[in-house]
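Residue-level structure breakdown
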Amino acid sequence: VELDGEKATCFDLDNAIKDAAIAKDSAECQSLQDAFTPTCSFSIPSNPCDVCPGRDVSFNGTAMHMDKEMKCPDIKSRLSTREEADGEECLAAQQEVSSCCFDQCHICEDEEEIDAELEVYYNGKTMKCTDVDNAFNENSVFADSEQCNTAKEDFRDTCCYTAPATPCNLCKRGTDYFDLMGINYVSFMDKTQTCADVSNMMFKREEQGSEACTTVHDEYFDTCCNTKCSLCGENGLEAGVKVNFEGRSMTCLELDLGLLIEAGSEACESVTSQFADQCCYEKPETPCRICNGEGVGVNTEASVLYLGTNTTCDSLSNYLGSREEQNGETCKAAATDHYDTCCYERCSLCEDGKSDWETFVQYEGKSIACGDFEWILRGQNVAADSDKCSAVKEEFYEKCCYTAPSTSCNLCYVDGQYLEVSVDAQVTYQDDPKSCGSLYNSLFMREAADSEQCDAAKDELADTCCFEKCQLCQGGFMDTTAMVMVNGQEVSCQVLENSFSKDVIVAGTEQCNTVRQEYADACCYTLPDSPCRLCGAGSEVAAGETVDFYGTTMSCTDVANKLAMSEESGGDMCSSVQADFATSCCFATCPICPSGFNLRWEVDVEYNKATISCGEFDGIIKGNGVMKGTTDCLSLQSTYSSACCYNYATSSYAPGSSPSTGGSPSNDGTYASY
């Protein structure tokens, strides 16, 4: 899109709008939406388009889409996020970019699952099974290739499984289910794994009762499964209550820990039924809160007399919270009796406002962020009506609290230009030392764009905190795939330019000019007015071929893309590359009409159970990469040329009319007159 006389991506425009903090319902926002929504926005489809239904999309391939050459994954992404599966654009694209589709090698068959957790050794390194499949896609390994067959033989048993109808449960014995002790370690498949890992693998891969399930169950059940009798099960345990068991006095907790008998056994059921009433309680669904209400806290320093025992309010709150329902009579009675002593309205420094976490203050001899006050005041049981609360508010409210503005102050939006922030630079603002990054964030959160405070901060500190970042490719485009050596390390050109913000490399400085001189040739290009095409009319790029491109192994597709992005048609570089690589990288596409005959664009034919025009059909054949002179090509010409082709020199046929004289190729490959 064009914004303020300059070209920008929709993403850049969106960021600029966010930086300017334009209010959602403002007239300015509405104006921007009216201008750019048709270009920049799209509706997410309910049934997304699949450009290669039933097949895989080539990772490295390219195709013509939307009147330009695009990478196949980008075409897939665009269509799946924008177009419905049964829409005209989706159906047309499936035919137009069919060269993007291929039958990729997959380790596992269609009816099998691939194990995302297991690893294998492939291509010189250890990787997850799913990553092997990804590597097949990136390297365009076909399903019927020898490489694919070899990989399947090596990895299928490890990586693939059929989901069981009744999954193996490691901790099931008979009809009883026991708790899994997931963090215990065992030696499984020649390496140390947790019981949780073993259980997960068995559950997703093996049938209950199978030989593999039974073997693993027998070996690891005792280590991985908790069969110990629990006195209260899922209910709460009255840990301190004393009971008599087998002639000895002990607490319920001691009794529970000493039950070294198996869960579900008669002995376990006997003990649990005998002591359940004394030792166990049912946990509440809605726990009791004696100090219920927003902004109300429990005074952890106060004590009350409850059921004849002196106890802290904190202990009473915890006790009732673990046992009583909020609407129960016990909870209501405790709240009525002890609310005044145990409960207080908490002091909140900013109340309904927001705390500035970027601002630090000195409080009780320590430097703290303003946002920490809420926790500190709560921990000190400071009440809202106390002198201490009033003193804290009087001293820190203005410095720490704010109401979010409708339009935020951007410290580095200067004279209509968005500048970079020198994040680590140090300044003093309102007598407080802070970094420019912290100041930028604080102003953005607290001050309005048109406020006096915002203007004053810009006048005083913008020169120190803001700078115009050096642009590596001024007036051109960056090759985001290009790599360069920087300080002995290979990095992408994009990473190099991103470092200009951190290193504060300013536009127009000698440092900026030096970096440009060193890296611009490798990183930057300008779009040619007439792009160079590696392959001439009537031919296409052989997507699967690679060549030695002047010392670097590159795919023919990458060579073609590089030429189209950076070289003018007819230029020395264009002519040289065409001469050197056209033979290796290009092939003549199959035309429906033989030499000397013209295409009837509007005539309809039947193809793949669909009715399409001859013009569309010609595009499909070329997109499918059918080579001229091959058996497939001759077969297509024999079948369709009679309907789709005519000899212009001997025919009075014009678009939209029927041929009256002249010749047309017959179905047997000879030419017959009308």
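Before reading further, recall that the structure is shown in the block above.
Computed from a predicted structure; not experimentally measured.

**With respect to the overall build of the chain**
- A count of helices and strands for the chain gives 22 helices and 48 strands.
- Compactness check: the chain gives a C-alpha radius of gyration of 37 Å against a globular reference of 26 Å for 674 residues, more than 25% above the reference.
- Sequence separation of 24 or more characterises 67% of the internal contacts of the chain that already satisfy a separation of 6 or more.
- When the 44 positive and 115 negative side-chain charges of the chain are each reduced to one mean point, those points stand 2 Å apart.

**Here we look at the pairing of strand β15 (residues 191–194)**
- Where strand β14 (residues 185–188) and β15 come together, four bridges link them in antiparallel fashion. Directly across from V186, in β15, lies its bridge partner Q193.
- Between β14 and the antiparallel strand that follows it, β15, lie two residues; M189 among them carries a positive phi value of about 55 degrees.

**Some points on the packing of aromatic side chains**
- Summed over the entire model, instances satisfying the criterion amount to 17 aromatic pairs.
- On the basis of an interplanar angle of 40 degrees and a centroid distance of 5.0 Å, the ring pair of F373 and F396 is categorised as tilted. Of this pair, F373 sits in helix α13 (residues 373–379) while F396 is found in helix α14 (residues 387–400), placing the two residues 23 residues apart along the sequence. For the pair F373 and F396, one class covers both residues: buried.
- Here the aromatic residues Y122, F136 and F155 are joined through ring pairs into a cluster of three or more.
- Sitting over the ring of F42, R82 keeps its end group 3.9 Å from the ring centre.
- Just above the ring of Y281 sits the side chain of R323; from NZ or CZ to the centre is 4.2 Å.

Calculation notes
Residues numbered from 1 in each chain as written. Predicted model: local features only at pLDDT ≥ 70, side-chain atom pairs only at ≥ 80, totals over all residues. Heavy atoms only, no water. Helix = DSSP H or I, 4+ residues; strand = E, 2+ residues; numbered from the N terminus. Rg over C-alpha atoms; globule rule 2.2 N^0.38 Å. Contact = heavy atoms within 4.5 Å. Lys, Arg positive; Asp, Glu negative; His and termini not counted. Charge placed at Lys NZ, Arg CZ, Asp CG, Glu CD. Pairing = 2+ DSSP bridges. Phe/Tyr/Trp six-rings, centres within 6.5 Å; stacked < 30°, edge-to-face > 60°. Buried < 20%, exposed > 50% of the residue type's maximum accessible area, 1.4 Å probe, protein only. Lys NZ or Arg CZ within 6 Å of the ring centre and 35° of its normal.

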